[in-house]
Amino acid sequence: MNSSFKPSDVKAYLDRFIVGQEEAKKAVSNVLYNSQLRLRAKEHFGYHQLDKLVILLAGETGTGKTYMITKAAEFNNSVVKIVDSTSLMKTGYSGEGSLNASTVAKEYITACYDKAKEKYEETSDLFQELVDFYINTGFVVFDEFDKISDMGNGSDAFGYAIQDNLLKFIEGGLKVTVHDKKYDTLEIPCVLLGAFSALYDKKKEVKTTIGFSKYEEKEVVAKLTKTELGEAGFKKELLARIGTLVELNPLTDTEFRDILLNVQQCAFNQYRSMFNLHGVNVTLSEKTIESAIKSSRDEKIGARGLKGFFISRMSDIIYDLPDIEDADVEIDIEDDKLKLVRKIL
C-alpha cells in the first residue's frame with residue numbers, strides 16, 4: 001500500500017511491464033494519483049472536494065488495456081474488479097448472468113473487506129480505515145464499453161438502459177450497504193475499456209507514400225472523438241463524465257519483440273526459468289522470434305498471442321527437458337514445429 005506517491009512513480013512501475021503506450025500509462029497513473037488526492041481531501045474536508053477522474057481506454061484487443069489497469073492496482077496493492085459492461089442490466093432485471101450497478105458496487109466493496117481482513121482483525125481500529133483506503137484507491141473496470149451503444153439488436157433502448165445504470169455508478173448517489181455500513185459509488189474509481197473495432201474500421205484510410213525504391217501503402221486510422229461516440233449511440237450525459245479518452249496504439253514488431261524477450265514478466269520468461277532450473281541456458285532463434293510475432297499479428301490478439309504461440313508448441317520440448325545434457329540450447333522452428341538445437345558458442 002503506497003499512501004503517498006506521484007504519477008511518475010506509478011508510470012515507472014508500469015514501464016517495467018508494458019512496452020510503449022506512453023499516453024495511456026500516464027492517464028492510468030493520473031487516475032491512481034487522483035484517487036489518492038481525493039481520499040486525502042475527504043479526510044481533510046470531511047467530504048469529496050475533488051471530482052472523480054474517469055478515463056476511457058480505447059484500442060484493439062491485445063494492446064494491454066486490462067493488463068495496464070491490473071498492474072497499476074498491483075503498484076498500490078489495491079483491489080481491481082473487472083466487469084463486462086454488456087452484463088449490466090437496469091435495477092430490477094433478473095436475467096441469467098445479469099448484474100446491476102448496485103451488485104457491482106457490493107461485490108467490489110466486499111472484496112475490499114476481504115483484502116483488509118488479510119492484514120487486520122475486524123475489531124481493530126485500523127480495519128475500517130484500511131477498507132476505506134481500498135475502496136477509494138482500487139478500480140472497477142467496465143470492459144467491453146464499446147458494446148453497450150446498440151448491443152447489436154438494431155435498437156438503442158437496451159444499450160441506453162445499461163448506459164443509464166453505468167452513469168449512476170460513475171456519478172455517485174447510488175448507495176449500497178455492506179456489512180451494515182452504507183457506501184456511495186462516488187467513492188469508487190472506475191475505468192472504461194473498449195476495442196471499438198467497428199468504429200475504427202470505418203475510419204481506416206490507406207495512404208500511399210514513396211519509399212526508397214517503391215510506393216508503399218500504409219493503413220492510417222484517425223483519432224477517435226467523443227462526437228463520433230455520440231453518433232454511434234453513446235449518451236452525451238455519459239460521455240460528459242469521461243475526463244480523458246486515450247487510444248492505445250497497435251503494437252509494432254519492435255514492441256512485440258520486447259514483450260516476448262525483454263520486459264519484466266515477458267512472454268518467454270516462464271520457459272527461460274524452466275530451463276534455468278535444469279541448469280540449461282535457452283535462447284530463441286531469429287526465425288522463431290519472427291514466427292511468433294507473425295502468428296500473433298495474424299491472430300489479431302496482440303501480445304497475448306505470443307504466449308499462445310509457445311503454449312501450443314512447447315509440449316514435446318518440455319517433456320524432454322529433464323534429459324537435456326547440453327548447457328546451452330536454442331529453440332528453432334521448422335514446418336511450424338519448435339525444436340531444440342545445440343547452441344555453438
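Here, the structure is the one placed above.
This structure is a prediction, so every number in the text was calculated from the model and none was measured. (Residues numbered from 1 in each chain as written. Predicted model: local features only at pLDDT ≥ 70, side-chain atom pairs only at ≥ 80, totals over all residues. Heavy atoms only, no water.)

**Comments concerning the sheet that holds strand 3 (residues 139–143)**
We count it as follows: Note on pairing: DSSP must find at least two bridges between two strands before they are called paired. Secondary structure follows DSSP: runs of H or I at least 4 residues long count as helices, runs of E at least 2 residues long count as strands, and numbering of each begins at the N terminus. Fitted lines through C-alpha atoms give the axes, limited to the stretch in contact for helices. The angle between two N-to-C directions lies from 0 to 180 degrees.
Overall, parallel pairing links the five strands, which are arranged 2-3-6-1-9 in an open sheet. Each edge of the sheet is formed by a strand with only one pairing partner; in this case those strands are strand 2 (80–84) and strand 9 (244–247). Across this sheet, the average inter-strand angle for adjacent strands is 20 degrees, counted without regard to direction. As paired strands, strand 3 and strand 6 (residues 190–194) are joined by three bridges and run parallel to one another. Looking across to strand 6, one finds that Val-140 is bridged to Cys-190.

**Description of unusual backbone geometry**
Glycine aside, negative phi is the norm for most residues, and most peptide bonds take the trans geometry. Our working rule: The rule is simple: take the accessible area with a 1.4 Å probe, protein chains only, and divide by the maximum for that residue type; under 20% is buried, over 50% is exposed, in between is partly exposed.
The backbone phi angle of Gln-21 is positive, close to 55 degrees, even though this residue is not glycine. Within the element layout of this structure, Gln-21 appears in the loop between helix 1 (7–15) and helix 2 (22–45). Gln-21 sits in the buried class, given a relative accessible area of 7%. For Asp-335, which is not glycine, the phi torsion reads 55 degrees and is therefore positive.

**Remarks on the packing of helix 4 (residues 101–117) against helix 5 (residues 127–137)**
Under the convention used in this document: Roughly parallel here means an angle under 35 degrees, roughly antiparallel means over 145, roughly perpendicular means 65 to 115, and every remaining angle is called oblique. It is the rotation of the near helix from the far one that decides the hand of a crossing: anticlockwise by less than a right angle makes it left-handed, clockwise makes it right-handed. Contact definition: two residues touch when any of their heavy atoms are within 4.5 Å.
Look at helix 4 against helix 5: their axes get within 9 Å of each other, and the N-to-C directions meet at 135 degrees. Judged on the interaxial angle alone, helix 5 and helix 4 are oblique. Considering the relative orientation of helix 4 and helix 5, their crossing is right-handed. Where helix 4 abuts helix 5, its residues Tyr-108, Ile-109, Cys-112, Tyr-113, Lys-115, Ala-116 and Lys-117 lie against Phe-127, Gln-128, Leu-130, Val-131, Tyr-134 and Ile-135.

**Section: the packing of aromatic side chains**
This is how the line gets drawn: What counts as a ring pair is set by centres within 6.5 Å for rings of Phe, Tyr and Trp (its six-membered ring), and what kind of pair is set by the plane angle: stacked under 30 degrees, edge-to-face over 60, tilted for all other angles. Each ring is checked for a lysine NZ or an arginine CZ that lies within 6 Å of its centre and within 35 degrees of its normal; such an atom marks a charge sitting over the ring.
For the structure on display, the rule yields 14 aromatic pairs. A ring pair is formed by Phe-142 and Phe-169, whose centres lie 5.2 Å apart and whose planes are at 80 degrees; its orientation type is edge-to-face. Taken together, the residues span a long stretch of sequence, with Phe-142 in strand 3 and Phe-169 in helix 6 (residues 156–171) at a distance of 27 residues. Residue classification places Phe-169 among the buried residues on the basis of a relative accessible area of 0%. With a centroid separation of 6.0 Å and 35 degrees between ring planes, the pair formed by Phe-268 and Tyr-271 is classed as tilted. For Phe-268, a relative accessible area of 1% corresponds to the buried category. Clustering of aromatic rings is evident, with ring pairs tying together Phe-5, Tyr-13, Phe-17 and Phe-75. Lys-115 extends its terminal NZ or CZ atom over the ring of Tyr-134, reaching a point 5.7 Å from the ring centre. Positioned over the ring face of Tyr-183 is Lys-181, at 5.6 Å from the centre of the ring.

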